[in-house]
Amino acid sequence: MGRLVMKFGGTSVANIERIHNVARHVKREVDAGHDVAVVVSAMSGKTNELVAWASAASPMHDAREYDAVVASGEQITSGLLAIALQSLGVQARSWQGWQIPIQTSDAHASARILGIDGAELIKRFKERKEVAVVAGFQGIHEATGRITTLGRGGSDTSAVAIAAAIHADRCDIYTDVDGVYTTDPRVVPKAKRLDKVAFEEMLELASQGAKVLQVRSVELGMVHNVRVFVRSSFEKPEDIDPHGTPPGTLICSEEEIVESQVVTGIAFSKDEAQISVRHIEDKPGVAAAIFGPLADASINVDMIVQNISPDGKTTDLTFTVPASDYNRARDTIEKARDKIGYKTMDSATDVAKVSVIGIGMRSHAGVAAQAFKALSERNINIRAITTSEIKFSLLIDAAYTELAVRTLHTLYGLDQA
Ligand code: ADP
Ligand code: ASP
Ligand code: MG
């Protein structure tokens, strides 16, 4: 007997039939004697629809009202699943973020969880064996009493945070793939499922584009040492052996991984834009003049490449931002033109970032060099490169993304036999 969080994403609750399937998965764990808190996403496509409605009402909308609109998708699924569970004779009730409450910052549309009091949920496990069905993605900012949301994919973060708050033994993330793969299995059919991934690697995979887990959920899992297990909701609940280990991927601490590869996985993101500022004066304070205003505008800068100027007078600086912030970033730089003192600015949105990740890179040299060679043989041009201890990222033309990912996947021996 233990305590579990079970999280179901959008495709897993896409219609009433799938919600009934989810209910049977939950019943399976309840029948095995576990205390269960379920976290649900909106039905697939629902959040996109709600986001589009908010934009159609006004492109420059109030972020607090945006949250009031988009949080509603999860409200629906939490109620529907509670009904489906009750119809199977399982004691259950739905919880909205504000009811628990899941307290967050006031950064509307990308709020951070500040605290969750799990006492009431635990009390109900003990007194009534009641399953808690929690609406993911949403919370409340205590001081203003306003509903907040956690950013796209945020139900993963709700799930891990609830798991920490109720001291769950495990947080199962049920999704439409049966685990974390060496790269997106929809793009590379030869991708292999990983049995275990270290938190640090998963953090890099997620932040470089593998959307199977939201980055913050991995951060929270790491900080609170929550065992996160990614598995499929499409397996029939009746076919699961209650004593066996189901297919899936455990996200765990590095020490638990016995045999680590040099390269664990490859992530990619087409949500990138490149901005190059040319002929900037090469003097102290210029980087601050560029990145200060971008930070003030809450624009996340990722890759930064600056050349050493040959004559000590002017230099070029290239950086990347999320494609959604592209126009704002350009405007911000243009506004600061006098302060920065540059000649021209050019940019590109048809770029993609491909990242190669593995803790083994800490102790192996020359891993990136192999990639440069393999990509050059395919005539793929590299626009910018960044490296960190366990990853390197390459900026390339978006049209070559799939080819680059497949080439690197084979190069590092990740293809399924
Ligand atoms: P959910 O709706 O359940 O939250 P998501 O769509 O957010 O599911 O995440 C699951 C998807 O993540 C998969 O369908 C897959 O296409 C994608 N994905 C990207 N990279 C990976 C990876 N390395 N391993 C597994 N899935 C990945
Ligand atoms: N429904 C939200 C989204 O689509 C949150 C989630 O699914 O995790 O982003
Ligand atoms: Mg998701």
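Keep in mind the model is a prediction, meaning the values are calculated, not measured. (Residues numbered from 1 in each chain as written. Chains lettered and ligands numbered in written order. Predicted model: local features only at pLDDT ≥ 70, side-chain atom pairs only at ≥ 80, totals over all residues. Heavy atoms only, no water.)

Participant: Looking at this structure, I do not really get the sheet that holds strand E17 (residues 384–388). What am I missing?
Facilitator: Through backbone hydrogen bonds, the strands of a sheet pair up, either in parallel or in antiparallel fashion. The strand order across the open sheet formed by 6 strands is E14-E15-E13-E16-E18-E17, and the pairing between neighbours is antiparallel. The two strands at the open ends of the sheet, each matched to only one other strand, are strand E14 (304–306) and E17. The sheet shows a mean angle of 25° between the axes of neighbouring strands, direction not considered. Bridge count for E14 against strand E15 (residues 314–322) is 3 bridges, and the pairing is antiparallel. Looking at E15, one finds that Gln306 is bridged to Leu317. Taken strand by strand, helix H12 (residues 367–377) contacts E17 and strand E18 (391–397), and its axis lies near 20° from that of E18. (Pairing = 2+ DSSP bridges. Helix = DSSP H or I, 4+ residues; strand = E, 2+ residues; numbered from the N terminus. Axes fitted to C-alpha atoms, helices over the stretch in contact; angles between N-to-C directions. Contact = heavy atoms within 4.5 Å.)

Participant: Would you take a moment to explain the site of ligand 1 for this structure?
Facilitator: The immediate surroundings of ligand 1 are formed by 17 residues, with Thr175, Asp176, Tyr181, Asp184 and Arg186 found nearest. A distance of 3.2 Å separates an oxygen atom of ligand 1 from a polar side-chain atom of Lys7. Side-chain polar atom of Thr175 to an oxygen atom of ligand 1: 2.6 Å apart, as the coordinates give it. Surface burial for ligand 1 is 89%, taken as the share of its 580 Å² of free accessible area covered by protein chains. In the shell around ligand 1, the residues fall into 6 nonpolar, 6 polar and 5 charged. (Near = heavy atom within 4 Å. Polar contact = N/O pair within 3.5 Å; in protein donor to acceptor, adjacent residues only side chain to side chain. Areas by Shrake-Rupley, 256 points an atom, 1.4 Å probe, with all protein chains shown as cover. Nonpolar A, V, L, I, M, F, W, Y, C, P; charged D, E, K, R; others polar.)

Participant: Sorry, what's going on with helix H7 (residues 199–207) here?
Facilitator: Residues lying three or four places apart along an α-helix face the same way, a consequence of the helix completing one turn every 3.6 residues. Counting buried residues in H7 gives 7 out of 9 residues, a clear majority hidden from the surface. All buried positions along H7 are accounted for by Phe199, Glu201, Met202, Leu203, Glu204, Leu205 and Ala206. Just downstream of H7 lies Gly209, where phi reads positive at about 125°. (Buried < 20%, exposed > 50% of the residue type's maximum accessible area, 1.4 Å probe, protein only.)

Participant: Would you explain the pattern of salt bridges in this entry?
Facilitator: Scanning the model with the defined rule gives 33 salt bridges in all. In this structure, Asp35 and Arg3 form a salt bridge, with 3.3 Å as the shortest nitrogen-oxygen distance. Taken together, the residues Asp35 in strand E2 (residues 35–40) and Arg3 in strand E1 (residues 3–8) connect sequence positions 32 residues apart. When sorted by exposure, Asp35 lands in the same class as Arg3, which is buried. The closest approach of N and O atoms between Arg124 and Glu120, which form a salt bridge, is 2.8 Å. (Salt bridge = Lys/Arg side-chain N within 4 Å of Asp/Glu carboxyl O.)

Participant: Any chance you could explain empty space enclosed by the protein here in plain terms?
Facilitator: Empty space among the atoms can be located by rolling a probe the size of a water molecule over them. If you walk through the whole model with that rule in mind, you get 1 cavity of 30 Å³ or more. There is about 40 Å³ of room inside the largest cavity. Forming the boundary of the largest cavity are Val30, His34, Asp35, Val36, Phe125, Lys129, Glu130 and Val131. In terms of residue class, the lining of the largest cavity is built from 4 nonpolar, 1 polar and 3 charged. (1 Å grid on protein atoms, 1.4 Å probe; cavity = no way out; pocket = protein on both sides within 12 Å on 5 of 7 lines; lining within 4 Å. Points joined across faces, edges and corners; volume = space filled by probe spheres on them.)

Participant: Would you mind showing me how to read the packing of aromatic side chains here?
Facilitator: Given two aromatic rings, their pairing is described by the distance between the two centres and the angle made by the two planes. According to the stated counting rule, one finds 3 aromatic pairs in the structure shown. Taking the centre distance of 4.5 Å and the plane angle of 20° together, the rings of Phe8 and Tyr174 count as stacked. Of this pair, Phe8 sits in strand E1 while Tyr174 is found in strand E9 (residues 170–175), placing the two residues 166 residues apart along the sequence. Like Phe8, the residue Tyr174 is buried in the burial classification. Centre to centre, the rings of Phe372 and Phe392 are 6.4 Å apart; their planes meet at 70°, and the pair counts as edge-to-face. In this pair, Phe372 is assigned in helix H12 and Phe392 in strand E18, connecting sequence segments 20 residues apart. Accessibility expressed as a relative area gives 2% for Phe392, which makes it buried. Between the NZ or CZ atom of Arg93 and the centre of the ring of Trp95, over which it lies, the distance is 3.6 Å. (Phe/Tyr/Trp six-rings, centres within 6.5 Å; stacked < 30°, edge-to-face > 60°. Lys NZ or Arg CZ within 6 Å of the ring centre and 35° of its normal.)

Participant: Is there a simple way to explain the site of ligand 2 in this structure?
Facilitator: In the neighbourhood of ligand 2, the contacting residues comprise Ser41, Ala42, Thr47, Glu74, Phe137, Arg152, Gly153, Gly154 and Ser155. Within the side chain of Arg152, one N or O atom sits 2.6 Å away from an oxygen atom of ligand 2. One of the backbone N or O atoms of Ser155 is found 3.0 Å from an oxygen atom in ligand 2. Starting from 260 Å² of accessible surface for ligand 2 in isolation, the protein chains cover 86%. Looking at side-chain class alone, the shell around ligand 2 contains 2 nonpolar, 5 polar and 2 charged residues.

Participant: I tried to follow the sheet that holds E9 on my own but got confused; where do I start?
Facilitator: Spatial strand order, E3-E6-E2-E1-E9-E11-E12-E10: 8 strands in an open sheet with mixed pairing. Of all strands in the sheet, those with a lone pairing partner are strand E3 (92–95) and strand E10 (196–198), marking the two edges. For this sheet, the mean inter-axis angle between neighbouring strands, taken without regard to orientation, is 20°. Pairing of E1 with E2 involves 6 bridges; the strand directions are parallel. Counted as the bridge partner of Arg3 is Asp35 from E2. Lying over the sheet, helix H4 (residues 72–87) contacts E2, E3 and strand E6 (131–135), oriented at roughly 160° with respect to E6. Across the sheet, H7 is in contact with E10 and strand E12 (249–252); its angle to E10 comes to roughly 85°.

Participant: I'm lost on the pairing of strand E11 (residues 228–232) in this one. Help?
Facilitator: Note on strand geometry: in a regular strand, side chains alternate between the two faces of the sheet. Of all 5 residues in E11, 5 are buried, a share of seventy percent or more. Side-chain alternation along E11 places Val228, Val230 and Ser232 on one buried face and Phe229 and Arg231 on a second face that is also buried. In the sheet, E9 pairs with E11 via 5 bridges, with the strands oriented parallel. What sits directly across from Asp172, in E11, is Phe229. Both E11 and E12 contribute to a ladder of 3 bridges, which runs antiparallel. Its bridge partner lying in E12, Val230 is registered against Thr249.

Just distances and angles here, no functional claims.
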